[in-house]
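Chains, contacts and geometry: an overview
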Amino acid sequence: MSLPLPTASAGLGLRRGLIDELLAMPADAIDFLECSPDNWIGVGGAHGAALRQLSERHCLTCHGLSLSLGGPDPLDRTLLQQTRAFLDLHQVQLYSEHLSYCAAGGHLYDLLPLPFTAEAVRHVAGRIAQVQDSLGRRIAVENISYYAVPAADMSEIEFITAVLAEADCDLLLDVNNVFVNACNNGYDAFDFLRRVPAHRVASLHVAGHFDEDDGFKIDTHGAPVKGVVWALLRQAYAHVGVRPTLLERDFNFPPLAELLAEVQEIRRAQADAELPEVAHG
């Protein structure tokens, strides 16, 4: 399906544990599915057939895991070629990756934070530009959750804004990550949102997280979205406008009906954000 996503659209992550239910659900239950090409490139058999069937029924967006945009190792040109072929095959209009690194002398199997420094801005922006050239399309980068800062001569939002400008790329705004980072690192989540460059935001993510006993937050994608994150999503729409928004759930899957109820909550927030303001006389 090659038509661009409407700005008011709500999607769900394509996970193998959900495939049977996704195939059986009504086509209009969601507006799009998001998958990681890294987990699907070269997959055949029943799973490959299911992917083809789902991509024919629903718009497909893609979110990469393994390019290691900010890492020291050379970019994986083979993966880039495979990713471009995957995006072209499935007519994907929206591709994103993480503003992080996941390889240094080998794959680390984690998304690690970059220093918030001018040197890191130049390094990662140059690599993003190379990725955009290789993929033949503009990409979005996601603000990640992090639990330590390697070094910083600027704030997180200043770092993100500088990368977006220098690389001339877009932002996938993860609202749950904003909340988790704000709580763990002592800044105001709503103020962070107000400083996001609205014209750069291509899409959004919402997800659940885990609260430690001491108040520390862990970004798990394994629980329902919490009320404060729904409130942040609505605030994000008020600032950047309505954008395609994905519900992320990676494990602890409830019945699909519960996930679709959260997708409907996204749709309600989008509809409310698009209502014209009531004139006051």
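Residues numbered from 1 in each chain as written. Predicted model: local features only at pLDDT ≥ 70, side-chain atom pairs only at ≥ 80, totals over all residues. Heavy atoms only, no water.

1. Concerning the overall build of the protein chain
The test is simple: Helix and strand labels come from DSSP, where a helix needs a run of H or I of at least four residues and a strand needs a run of E of at least two; each type is numbered from the N terminus. Burial here depends on accessible area, computed with a 1.4 Å probe over protein chains only, as a share of the maximum for the residue type. Under 20% is buried, over 50% is exposed, and the range in between is partly exposed. The contact criterion used is simple: two residues touch if any of their non-hydrogen atoms lie within 4.5 Å.
From N to C terminus, the protein chain includes nine helices and twelve strands. Expressed along its principal axes, the backbone C-alpha trace of the protein chain runs to roughly 60 × 50 × 40 Å. The burial tally for the protein chain puts 52% of its 281 residues in the buried class. Considering only intrachain contacts with a sequence separation of at least 6, the fraction spanning at least 24 residues in the protein chain is 80%.

2. Let's talk about the sheet that holds strand β12 (residues 245-248)
Put simply, the rule is: In short, DSSP must find at least two bridges between two strands for them to pair. As a rule, the C-alpha atoms of each element are fitted with a line to give its axis, helices using only the stretch in contact, and angles between N-to-C directions run from 0 to 180 degrees.
Pairing in this closed barrel of eight strands is parallel, and the strands run β1-β2-β3-β4-β7-β8-β9-β12 around the ring. Each neighbouring strand pair of the sheet contributes to a mean axis angle of 30 degrees, computed without reference to strand direction. Where strand β3 (residues 59-63) and strand β4 (residues 95-98) come together, two bridges link them in parallel fashion. Across the sheet, the residue bridging to Cys-62 is Tyr-95, located in β4. Running at roughly 170 degrees to strand β9 (residues 201-207), helix α8 (residues 227-240) makes contact with β8 (170-174), β9 and β12 of the sheet.

3. Describing the pattern of salt bridges
Stated formally: Salt bridges, as used here, are contacts in which a Lys or Arg side-chain nitrogen is within 4 Å of a carboxyl oxygen on Asp or Glu.
Throughout the structure, instances matching the rule amount to 13 salt bridges. Between Arg-15 and Asp-250 there is a salt bridge; the shortest N-O distance is 2.8 Å. On the criterion of sequence distance, the pair formed by Arg-15 in the loop between β1 (10-13) and α1 (19-24) and Asp-250 in the loop between β12 and α9 (256-274) is long-range, its members being 235 residues apart. Classification of Arg-15 by relative accessible area gives buried; the value is 17%. We classify Asp-250 as partly exposed; its relative accessible area is 33%. For Arg-138, the salt bridge goes to Asp-170, with nearest N and O atoms at 2.9 Å. Of this pair, Arg-138 sits in the loop between α4 (118-135) and β7 (140-142) while Asp-170 is found in strand β8, placing the two residues 32 residues apart along the sequence.

4. Quick word on the side chain of Lys-217
Convention followed: Here a polar contact means two N or O atoms within 3.5 Å. Within protein one must be a hydrogen donor candidate and the other an acceptor candidate, and residues neighboring in sequence count only if both atoms are side-chain atoms.
Of note, Lys-217 is situated in strand β11 (residues 217-219). At a separation of 2.8 Å, a polar atom in the side chain of Lys-217 contacts the side chain of Asp-211. If near-sequence neighbours (up to four positions away) are discounted, Lys-217 is found in contact with Tyr-147, Phe-179, Val-180, Cys-183, Asn-184, His-209, Phe-210 and Asp-211.

5. Quick word on the pairing of strand β2 (residues 32-35)
Within a regular beta strand, the side chains point alternately toward one face of the sheet and then the other, so they alternate between its two faces. Let me state the cut-off plainly: By definition, the crossover connecting two strands over a helix is right-handed if that path, from the first strand to the second, turns clockwise as seen with the strands pointing away from the viewer.
Neither face of β2 is exposed, since Phe-32 and Glu-34 on one face and Leu-33 and Cys-35 on the opposite face are all buried. Across three bridges, the pairing between β1 and β2 is parallel. In the sheet register, Gly-13 faces β2, and the bridge partner there is Glu-34. The β-α-β motif built from β1, the intervening α1 and the parallel element β2 has right-handed crossover chirality. Bridging between β2 and β3 involves four bridges; their strand directions are parallel. In the sheet register, Cys-35 faces β3, and the bridge partner there is Cys-62.

6. Considerations on the packing of aromatic side chains
For clarity, the threshold we go by: Aromatic rings from Phe, Tyr and Trp, taking only the six-membered ring of Trp, are treated as a pair when their centres fall within 6.5 Å; an angle between ring planes under 30 degrees marks them as stacked, one over 60 as edge-to-face, and anything in between as tilted.
This structure, assessed with the given rule, holds four aromatic pairs. Geometrically, the ring pair formed by Phe-116 and Tyr-146 is edge-to-face, given 5.6 Å between the ring centres and 80 degrees between the ring planes. With Phe-116 in the loop between β6 (107-112) and α4 and Tyr-146 in the loop between β7 and α5 (156-167), this residue pair connects regions lying 30 residues apart in the sequence. What makes Phe-116 buried here is its relative accessible area of 8%.

7. Quick notes on α9
What counts is decided by this rule: A helix is expected to span 1.5 Å multiplied by its residue count minus one.
The terminal C-alpha atoms of α9 lie 27 Å apart, and with 19 residues this matches the ideal 27 Å at 1.5 Å per residue to within 8%. For α9, the complete set of buried residues consists of Leu-256, Leu-259, Leu-260, Glu-262, Val-263, Glu-265, Ile-266, Arg-267, Ala-269 and Gln-270. Residues of α9 that are buried make contact with β1, α1, β9, α8 and β12.

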